Amino acid sequence: MSLHFHFKLYYQVSNNSLTAQSKIHRNSTKVLSVLNHHVVVLCKYIVLCVLAMASRRSSTASEKKSGSRGKSMTRSKSPFRSFRFKKSKPPPEASSGNYSDDEENLRELESTDEDLEAMLVRKHEWESTTKKASNRSWDRICVVLKGTQILFYKDQKTYRTRPEETFRSELPVDLIGGTAEVAADYTKKKNVFRLRLANGGDYLFQANDDDQVNLWVTGINQQAQIHEEASGKSQTLPPGSEKKDEPKKRSFFTLKKK
């Protein structure tokens, strides 16, 4: 009986150990399969993140390039560029002598206080009091106020590089006796001022805003009035009055008298 009991007990213990080992094996395989699944999912997520970051970098680089190109295109094609009175003193960089031809032309323009330059839209209405202009269309051109004259060019580059090539070979417009005013009667376009000449000529100019309109109207009227006053003073002076301050010249005979 004792032998049979020990054998039975040994058989039960061995069976229990085998079942325990099988359970442990099954659990370990399950854990390994779960870990493998999580590792695969994590690797896929890392790959997707790397691809997303690479696509974002490429898109931002392309946007920067397109933005820089768009800015350059809008600057070159803008109908109204910034304008200013030309400075009387050149900038300090001019003393070094390291600048291009366009910068040199711009510095030459800035050396006079009476110059105004801007891209305006122009319409020529009347050539004289009895003759209408042959071409009354609106043209976007470079307008330059230089002393008592206004000159027209195709663009600012032409004015700075080839100032002798005016728009349609037009002659300069003389401002003496002319006036400029805001075109309040013209309602088809905004920011328009009118230039009336002494010979009856009439021009319309469209600016970018009210400040630019006032700047051009003031500049044109100042130039016309200054030269009108100068010419009026020269006409009112009696003949020979300009020579009063000069010392009197003695003749040969007056020097001999004592």
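Up top you'll find the structure we're talking about.
**Q** I'm lost on the overall build of the protein in this one. Help?
**A** Within the protein one finds 5 helices and 7 strands. Listing each helix as α and each strand as β along the protein from the N terminus yields α-α-β-β-β-α-β-β-β-β-α-α. For the protein, with 258 residues in total, the buried portion stands at 25%. Sequence separation of at least 24 residues holds for 54% of the intrachain contacts in the protein that already meet a minimum separation of 6. Accessible surface, the protein as shown: approximately 19400 Å² in total, 56% of it carbon and sulfur.

**Q** Got a minute to help me understand the side chain of Gln 206 in this structure?
**A** For Gln 206, the position within the fold is in strand S7 (residues 202-206). On the basis of relative accessibility, which here comes to 16%, the residue Gln 206 falls in the buried class. Separated by 3.2 Å, the side chain of Gln 206 and the backbone oxygen of Lys 190 make a polar contact.

**Q** Is there a simple way to explain the packing of aromatic side chains in this structure?
**A** We describe a pair of aromatic rings using the distance from one ring centre to the other and the angle between the two ring planes. One pass over the structure, following the stated rule, counts 6 aromatic pairs. Seen from their ring centres, Trp 138 and Tyr 186 are 5.9 Å apart, and the 55 degrees between their planes marks the pair as tilted. Here Trp 138, found in the loop between strand S1 (115-126) and strand S2 (139-146), pairs with Tyr 186, found in the loop between strand S5 (179-182) and strand S6 (192-196); they are 48 residues apart in sequence, far enough to count as distant. The class of Trp 138 is partly exposed, set by a relative accessible area of 23%. Between Phe 152 and Phe 205, the aromatic rings sit 6.1 Å apart at their centres with planes inclined by 25 degrees, giving stacked as the arrangement.

**Q** Explain the environment of Gly 200 here, please?
**A** Its location among the elements puts Gly 200 in the loop between S6 and S7. Taking C-alpha positions, Gly 200 is 4.3 Å from Thr 129, a pair spaced 71 residues apart along the chain. Once residues within four sequence positions are removed from consideration, Gly 200 is found in contact with Trp 126, Ser 128 and Thr 129.

**Q** Looking at this structure, I do not really get the pairing of S2. What am I missing?
**A** In summary, the side chains of a regular strand alternate between the two faces of the sheet. Summarising burial for S2: 6 of the 8 residues are buried, a large majority. Pairing analysis gives 8 bridges linking S1 to S2, with the strands arranged antiparallel. Each bridged residue has a counterpart across the sheet, and for Leu 116 the counterpart in S2 is Leu 145. Linking S2 to strand S3 (residues 149-153), which pair antiparallel, is a turn of 2 residues; within it Gly 147 sits at a positive phi near 70 degrees.

**Q** So what exactly am I meant to see when it comes to the pattern of salt bridges here?
**A** Note that side chains of opposite charge can pair when their charged atoms are close. Counted by the stated rule, this structure contains 11 salt bridges. Residue Arg 194 is joined to Glu 125 by a salt bridge in which the shortest nitrogen-to-oxygen separation is 3.1 Å. A residue pair is termed long-range when its members are at least 10 positions apart, and Arg 194 in strand S6 and Glu 125 in strand S1 qualify at 69 residues. By relative accessible area, Glu 125 is classed as buried at 16%. A salt bridge links Glu 127 to Lys 131, with the shortest nitrogen-to-oxygen separation between them at 3.5 Å. When salt bridges with common partners are traced through the structure, they connect Glu 125, Glu 181, Asp 185, Arg 194, Arg 196 and Asp 202 into a single cluster.

**Q** For this particular structure, what's the right way to read unusual backbone geometry?
**A** Glycine aside, residues mostly have negative phi angles, and peptide bonds mostly take the trans form. Phi angles above zero are rare outside glycine, and Arg 168 is one such case at about 55 degrees. Tracing the sequence through the fold places Arg 168 in the loop between helix H3 (156-161) and strand S4 (173-174). Given the relative accessible area of 46%, Arg 168 is considered partly exposed. Of note, Ser 169 is a non-glycine position whose phi angle comes to about 60 degrees, a positive value. Within the secondary structure layout, Ser 169 lies in the loop between H3 and S4. Ser 169 gets classed as exposed once you look at its relative accessible area, which sits at 65%.

**Q** What am I meant to see in the sheet that holds S4 here?
**A** Strand-to-strand pairing in sheets goes through backbone hydrogen bonds, with the strands running parallel or antiparallel. Taken in spatial order, the 7 strands of this open sheet run S4-S3-S2-S1-S7-S6-S5, and their pairing is antiparallel. A strand with exactly one partner marks an edge of an open sheet, and here the two such strands are S4 and S5. One ladder, built from 5 bridges, connects S6 with S7; its direction is antiparallel. When the bridges of S7 are listed, Leu 195 appears paired with Tyr 203.

Cut-off values and rules
Residues numbered from 1 in each chain as written. Predicted model: local features only at pLDDT ≥ 70, side-chain atom pairs only at ≥ 80, totals over all residues. Heavy atoms only, no water. Helix = DSSP H or I, 4+ residues; strand = E, 2+ residues; numbered from the N terminus. Buried < 20%, exposed > 50% of the residue type's maximum accessible area, 1.4 Å probe, protein only. Contact = heavy atoms within 4.5 Å. Areas by Shrake-Rupley, 256 points an atom, 1.4 Å probe, with all protein chains shown as cover. Polar contact = N/O pair within 3.5 Å; in protein donor to acceptor, adjacent residues only side chain to side chain. Phe/Tyr/Trp six-rings, centres within 6.5 Å; stacked < 30°, edge-to-face > 60°. Pairing = 2+ DSSP bridges. Salt bridge = Lys/Arg side-chain N within 4 Å of Asp/Glu carboxyl O.

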